[in-house]
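Report on the structure
These are the residues of each chain, in order.
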Amino acid sequence: MGKQPIIETERLILRPFELSDSKRVQELSGDSKVAETTLNIPHPYEDGIAESWISTHKHNFNSGKSITYAIVIKDTKEVIGAIGLTISKIHRKAELGYWIGVPYWKNGYCTEASQAIIEFGFKELNLNRIYARAMDSNIGSWRVMEKVGMKYEGTRRQDAIKNGVPVDLKSYAILREEFYRCRAD
Ligand SMILES: CC(C)(COP(=O)(O)OP(=O)(O)OC[C@H]1O[C@@H](n2cnc3c(N)ncnc32)[C@H](O)[C@@H]1OP(=O)(O)O)[C@@H](O)C(=O)NCCC(=O)NCCS
């Protein structure tokens with residue numbers, strides 16, 4: 001792939017993370033409220049974790065494995081969260097994942113960023129299916145999925161282990177044909 005493109009929405013810029021964002025990532029994703037409902041964010045969020053995570057992004061993008069963006073408020077240039085797609089090239093599908101820093105919750109930012117990356121996934125990455133999973137209790141996350149046009153596909157029982165405990169995950173997806181159909185309406 002070429003260079004990871006920057007994506008702009010009405011209020012946000014999605015751009016690749018830089019190592020200089022590490023402190024901010026640690027501050028925001030180190031909040032226990034963010035770690036609580038995610039599967040891959042450690043808690044406590046030790047020094048160096050953000051740097052290691054950001055260091056993987058370029059290689060993962062170049063190899064077509066995943067694409068990760070910092071979510072930045074256009075006006076203030078603050079990093080407020082992260083969003084990404086983990087790609088299966090063979091099946092032309094990707095899993096959408098995201099987190100937003102607690103002070104910025106419920107402003108529609110995740111919905112806005114998700115809409116943009118879904119559009120990018122279908123138009124630029126030529127994906128056929130974009131899916132996402134969230135814990136049953138994570139109302140905010142599955143509300144985002146519903147708002148961006150994903151359909152509920154069922155709950156996978158004990159689909160992950162969280163802090164040593166099996167958890168059920170609600171599964172949502174949007175298909176390429178659905179994305180283009182709703183744009184034609
Ligand atoms: C889930 C998360 C990303 C939502 O981000 P956000 O920017 O607050 O989401 P939005 O503002 O776009 O909200 C979308 C909808 O969900 C609702 N919502 C958001 N958080 C909610 C909550 N905690 N409880 C109930 N509804 C919630 C919003 O009100 C909005 O619905 P509405 O338009 O009908 O009012 C954010 O809460 C988060 O980062 N949580 C921790 C990490 C995480 O769970 N990531 C996802 C793992 S699957």
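All of these numbers come straight from a predicted model, not from anything done at the bench.

Thoughts on the sheet that holds strand 3 (residues 66-73)
With mixed pairing, 8 strands are arranged side by side in an open sheet as 1-2-3-4-5-6-8-7. The outermost strands of the open sheet, each flanked by one partner alone, are strand 1 (7-8) and strand 7 (151-162). In the sheet, strand 7 pairs with strand 8 (residues 165-175) via 8 bridges, with the strands oriented antiparallel. Bridged to Lys151 within strand 8 is Ala173. Against the sheet, helix 1 (residues 22-29) makes contact with strand 4 (79-88) and strand 5 (93-100), and its axis sits at roughly 90° relative to strand 4, the strand it touches most. The strands that helix 5 (residues 139-147) touches are strand 5, strand 6 (129-135) and strand 8; relative to strand 6, the one it contacts most, it runs at about 155°.

So, the UniProt feature "domain: N-acetyltransferase" (unreviewed entry) in the protein chain
Using the residue numbers shown here, the UniProt feature "domain: N-acetyltransferase" (unreviewed entry) corresponds to residues 12-174. The span residues 12-174 shows a helical share of 31% and a strand share of 36%, and its end C-alpha atoms are spaced 22 Å apart.

What to know about the pattern of salt bridges
Scanning the model with the defined rule gives 11 salt bridges in all. Across the pair Glu27 and Arg24 runs a salt bridge, and its minimum N-O distance is 3.1 Å. Of this pair, Glu27 and Arg24 both sit in helix 1, separated by 3 residues, roughly a single helical turn. Among the residues examined, Glu27 registers a relative accessible area of 51% and is labelled exposed. Note that Arg129 and Glu153 form a salt bridge whose closest N and O atoms lie 2.9 Å from each other. One end of the pair, Arg129, is in strand 6; the other, Glu153, is in strand 7, and 24 residues separate them in sequence.

Things to note about the site of the ligand
Residues in contact with the ligand amount to 23 residues; listed here are only the nearest, Thr37, Lys106, Gly108, Thr111 and Lys147. For the ligand, an oxygen atom lies 3.1 Å from a polar atom in the backbone of Cys110. Relative to its unbound accessible area of 920 Å², the ligand is 78% covered by the protein chains. For the shell around the ligand, the element with the highest residue contribution is helix 5, accounting for 6 residues. Of the residues in the shell around the ligand, the class split is 10 nonpolar, 8 polar and 5 charged.

Concerning the nonpolar core
In terms of nonpolar packing, the biggest core is built from 53 residues, with Ile83, Leu85, Leu96, Ile118, Ile130 and Met150 touching the most fellow members. In terms of residue count, the dominant contributor to this core is helix 4 (residues 109-123) (8 residues). Contact partners of Leu96, with chain neighbours within four places excluded, come to Ile83, Gly84, Leu85, Ser114, Ile117, Ile118, Ile130, Tyr131, Ala132 and Met150.

Procedures and definitions
- Per chain, residue numbering runs from 1 following the sequence as it is written.
- Under the rules for a predicted model, residues below a pLDDT of 70 receive no local features and side-chain atom pairs below 80 are neither given nor counted, while totals for whole chains, interfaces and linings still include all residues.
- With hydrogens and water set aside, each side-chain value is computed from the structure's full complement of heavy atoms.
- Strand pairing is assigned whenever DSSP identifies at least 2 bridges connecting the two strands.
- The way it works is that DSSP assigns letters per residue, a run of H or I at least four long becomes a helix, a run of E at least two long becomes a strand, and they are numbered from the N terminus.
- Should any heavy atoms of two residues lie within 4.5 Å, those residues are considered in contact.
- In this analysis an axis means a line fitted to C-alpha atoms, helices contributing only their contacting stretch, and an angle means the value between N-to-C directions, from 0 to 180 degrees.
- UniProt positions are given in the numbering used here, feature names are shortened, and annotations may be inferred rather than shown by experiment.
- Throughout this description, the term salt bridge denotes a Lys or Arg side-chain nitrogen within 4 Å of a carboxyl oxygen of Asp or Glu.
- Each residue is placed in one exposure class: buried if its accessible area under a 1.4 Å probe, protein chains only, is under 20% of its type's maximum, exposed if it is over 50%, and partly exposed if it falls in between.
- To be near a molecule or strand, a residue needs just one of its heavy atoms within 4 Å of it.
- By the criterion applied in these results, polar contacts are pairs of N or O atoms within 3.5 Å in which, for protein atoms, one can donate a hydrogen and the other can accept it, and in which residues neighboring in sequence qualify only through two side-chain atoms.
- Accessible surface is estimated by sampling points in the Shrake-Rupley manner with a 1.4 Å probe; for residues, cover comes only from the protein chains shown.
- The nonpolar class holds Ala, Val, Leu, Ile, Met, Phe, Trp, Tyr, Cys and Pro. Asp, Glu, Lys and Arg form the charged class, and all remaining residues, Gly among them, are polar.
- Residues grouped as a nonpolar core are buried Ala, Val, Leu, Ile, Met, Phe, Trp, Tyr and Cys residues, joined through side-chain atoms within 4.5 Å.

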